[in-house]
Each structure stands twice: as structure tokens, then as C-alpha cells.
Amino acid sequence: DSGVTQTPKHLITATGQRVTLRCSPRSGDLSVYWYQQSLDQGLQFLIQYYNGEERAKGNILERFSAQQFPDLHSELNLSSLELGDSALYFCASSVTGSPGNTIYFGEGSWLTVV
Amino acid sequence: AQTVTQSQPEMSVQEAETVTLSCTYDTSESDYYLFWYKQPPSRQMILVIRQEAYKQQNATENRFSVNFQKAAKSFSLKISDSQLGDAAMYFCACSNTGNQFYFGTGTSLTVIP
């Protein structure tokens, strides 16, 4: 158990809909990261937050948004969903966003868009 | 930008034998870190080993060790005395000064009893 908690574990929704994925980082971790893993693909970096502020953006679509709240939990919002958005979405956290910090992953949220 | 390349989509090893997984990376940053993560069928991402690029000494973690060749931008993972529980997808990753991690496409390791 990495200490990173993600909910829901599984989600099935229809095209065009909007979903919210939730992440609680490890206790004491200030930085949160979101990654997308499509079928048979590596992990794509989406976005990083540090202590409530956006730190870096990766390959995140405009239909997707995220935020980190004062209690440090984070939410990833996916809207106008398309079939291609079906993937495993990981949240990870690290103590800070400093170079070399190991990131610890949650178990992921499986999103299926039908 | 950083890229990480794993040229072996699949590898297999006999139980108790040794296997080496390859990884090359490209980065313009002078300060970076390298990692190997394991993803078993449960899909959980588990840290295997970590290497600071400024350190010449290769990292070791029990049966797992790396061969870090900085000039060649190569970072291979050696698994000794392979066990059935080592069967998984292995991802190589490089992190930059902002601590964003960039992952390769993975190598699927099969352990043959």
C-alpha cells in the first residue's frame, strides 16, 4: 500500500459525459501528479500540483482540468468524454516537487467510456 | 523535453536466472534522476530502484541493480535470481528538475518456471 488513495476504482460512463476522479496523497506529501495510461501504452504525464498551485502541465487535453485543494487532495475532471479517453488514470504524490523526489502511485482509476 | 526509450517490448527469463532490461533516455538537463517501476497484473505502479545521475556508482536494491552509462544515456535494469513474482511490466523513467516523470513504453517480463 503506497498510501495514495484514489476513488473511484472503476467507472463506466457514456460519451459526452463528465466525471471527476479523486486523489488523496500520502500523509505529508505536498505534490500531486496525474498520469494517463491507455491500453498497452506507457504513462503520459498530465499535470502536477504543489501545495495547491499548478506546477507543470504535460499532455493534458483542454477538456480535462484538475485542482489541488487546501487539504492537499486533488481532483481530475474529465469532460465531453470520448471513447479514446478510456484509460487507467493514476495519481501519484511526492513529499515536495523537488528534483529526485520519488513519486508514489495510487492504484489508479479505471475509466471506461462507452 | 525528455524521452525515454525501451526497445524490448517483451522479455522472458528462466526462474533463478538473470535478465537485463534495456533503457535509453534523452534529456537536455544536467540534473536528472532515473527510476525503474514495476507494474504487475494488479496494475499498481511499484518503485523498484532509483539512480541519481550525478552519482557514478550504480544503484543496487537486493536482487535488482542498474548499469548506468551516463555518456551513452543508458540505464539498464538487471534482475538476478529471477522469481515468479518478478513477472510484470517494467517501466523506465527519467525525472527532470521540476520532478515531472517521463516514462518509456515498458517491457513485459515473463518468468518461466
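Look up: the structure comes first, before these words.
Because the structure is predicted, anything quoted here is derived from the model rather than measured.

### Looking at the overall build of chain B
Here is step 1: Looking only at helices and strands, chain B has zero helices and twelve strands in total.
Here is step 2: Reading chain B from its N terminus to its C terminus gives the helix and strand order β-β-β-β-β-β-β-β-β-β-β-β.
Here is step 3: Against the globule reference of 13 Å for 113 residues, chain B gives a C-alpha radius of gyration of 13 Å, in line with a compact fold.
Here is step 4: Overall size of chain B, expressed as C-alpha extent along the three principal axes, is 40 × 25 × 20 Å.
Here is step 5: Relative to its 113 residues, chain B shows a buried fraction of 50%.
Here is step 6: Sequence separation of at least 24 residues holds for 53% of the intrachain contacts in chain B that already meet a minimum separation of 6.
Here is step 7: Only carbon and sulfur atoms are counted for the fraction: they give 47% of the accessible area of chain B, which is about 5,300 Å².
Here is step 8: The centroid of the 8 positive side-chain charges in chain B is displaced by 4 Å from the centroid of its 10 negative side-chain charges.

### Comments concerning the pattern of salt bridges
Residues and elements named next belong to chain A.
Here is step 1: Per the counting criterion, the structure on display carries eight salt bridges over all chains.
Here is step 2: The salt bridge partner of Arg63 is Asp85, with a shortest N-O separation of 2.8 Å. Separated by 22 residues along the polypeptide, Arg63 in the loop between strand 6 (53–57) and strand 7 (64–68) and Asp85 in the loop between strand 8 (74–78) and strand 9 (87–94) bring together distant segments of the chain.
Here is step 3: Salt bridges linked by common partners bring Arg63, Glu82 and Asp85 together as one network.

### Focus on the pairing of strand 6 of chain A
Residues and elements named next belong to chain A.
Here is step 1: Pairing analysis gives four bridges linking strand 5 (residues 43–50) to strand 6, with the strands arranged antiparallel. Across the sheet, residue Tyr50 finds its bridge partner in strand 6, namely Glu53.
Here is step 2: Adjacent in sequence and paired antiparallel, strand 5 and strand 6 are bridged by two residues, among which Asn51 carries a positive phi angle near 50°.

### Looking at the state of the cysteines
As used in these notes, a disulfide is a covalent bond between sulfur atoms, one from each of two cysteines.
Here is step 1: Within this structure, the stated rule accounts for two disulfides over all chains.
Here is step 2: One disulfide bridge connects A:Cys23 with A:Cys91, the sulfur atoms lying 1.8 Å from each other. Across the S-S bond linking A:Cys23 and A:Cys91, the dihedral sits near -60°, which makes this disulfide left-handed. In this pair, A:Cys23 is assigned in strand 3 (residues 19–24) and A:Cys91 in strand 9, connecting sequence segments 68 residues apart.
Here is step 3: A residue is classified by how much of its surface remains accessible, and A:Cys23, at 0% relative accessible area, is buried.
Here is step 4: Judged by its relative accessible area of 0%, A:Cys91 is buried.
Here is step 5: Residue pairing for B:Cys23: its cysteine sulfur links by disulfide to B:Cys92, the two sulfurs lying 2.0 Å apart. Because the torsion about its S-S bond is -70°, the bridge between B:Cys23 and B:Cys92 counts as left-handed. Linking B:Cys23 in the loop between strand 3 (19–21) and strand 4 (24–26) with B:Cys92 in strand 10 (residues 88–95), this pair joins segments that are 69 residues apart in sequence.
Here is step 6: In this structure B:Cys94 is a free cysteine whose sulfur lies 7.8 Å from that of B:Cys92, the closest cysteine sulfur available.

### Comments concerning the side chain of B:Glu52
Here is step 1: Mapping B:Glu52 onto the fold places it in strand 6 (residues 46–52).
Here is step 2: Within the local environment of B:Glu52, its side chain forms a polar contact with the side chain of B:Arg50, the two groups lying 2.8 Å apart.

### Some thoughts on the packing of aromatic side chains
Here is step 1: Counted according to the given criterion, the structure contains 17 aromatic pairs over all chains.
Here is step 2: Each ring, one from A:Tyr35 and one from B:Phe103, has its centre 5.5 Å from the other, and the planes form 90°; the classification is edge-to-face. Here A:Tyr35, found in strand 4 (residues 31–37), pairs with B:Phe103, found in strand 11 (residues 101–103), and the two come from separate chains. Residues A:Tyr35 and B:Phe103 agree in their burial class; the two are buried.
Here is step 3: When the ring of A:Phe64 is compared with that of A:Tyr89, the centres are 6.4 Å apart and the planes differ by 75°; the resulting orientation is edge-to-face. Highlighted residues: A:Phe64 in strand 7 and A:Tyr89 in strand 9, separated in sequence by 25 residues.

### So, the interface of chain B and chain A
Here is step 1: At the junction of the two partners, chain B supplies 22 residues and chain A supplies 26 residues.
Here is step 2: When the two sides are added together, the surface that chain B and chain A hide from each other amounts to roughly 1,800 Å², 54% of it contributed by carbon and sulfur.
Here is step 3: It is B:Arg43, B:Gln44 and B:Asn99 that lose the most area in chain B upon contact with chain A, and together they represent 33% of the buried surface on that side.
Here is step 4: Linking chain B with chain A are zero salt bridges, by the criterion used here.
Here is step 5: At the junction of chain B and chain A, the tally comes to twelve residue pairs in polar contact (both at pLDDT 80 or more).
Here is step 6: For the side of chain B that touches chain A, the secondary structure elements donating two or more residues are strand 5 (33–39), strand 6, strand 10 and strand 11 of chain B.
Here is step 7: Per-element tally for the side of chain B that touches chain A: the top contributor is strand 5 of chain B, with four residues.

### Digging into the side chain of B:Thr107
Residues and elements named next belong to chain B.
Here is step 1: Tracing the chain through its elements places Thr107 in strand 12 (residues 107–112).
Here is step 2: Polar contacts involving the side chain of Thr107 include one to the side chain of Gln6, which spans 3.4 Å.
Here is step 3: Apart from the residues within four sequence positions on either side, Thr107 is in contact with Gln6, Gln8, Pro9, Glu10, Met11, Leu21, Ala88, Met89 and Tyr90.

Parameters at a glance
Residues numbered from 1 in each chain as written. Chains lettered and ligands numbered in written order. Predicted model: local features only at pLDDT ≥ 70, side-chain atom pairs only at ≥ 80, totals over all residues. Heavy atoms only, no water. Helix = DSSP H or I, 4+ residues; strand = E, 2+ residues; numbered from the N terminus. Rg over C-alpha atoms; globule rule 2.2 N^0.38 Å. Buried < 20%, exposed > 50% of the residue type's maximum accessible area, 1.4 Å probe, protein only. Contact = heavy atoms within 4.5 Å. Areas by Shrake-Rupley, 256 points an atom, 1.4 Å probe, with all protein chains shown as cover. Lys, Arg positive; Asp, Glu negative; His and termini not counted. Charge placed at Lys NZ, Arg CZ, Asp CG, Glu CD. Salt bridge = Lys/Arg side-chain N within 4 Å of Asp/Glu carboxyl O. Pairing = 2+ DSSP bridges. Disulfide = S-S within 2.5 Å. Polar contact = N/O pair within 3.5 Å; in protein donor to acceptor, adjacent residues only side chain to side chain. Phe/Tyr/Trp six-rings, centres within 6.5 Å; stacked < 30°, edge-to-face > 60°. Buried area = accessible area lost by both parts, 1.4 Å probe.

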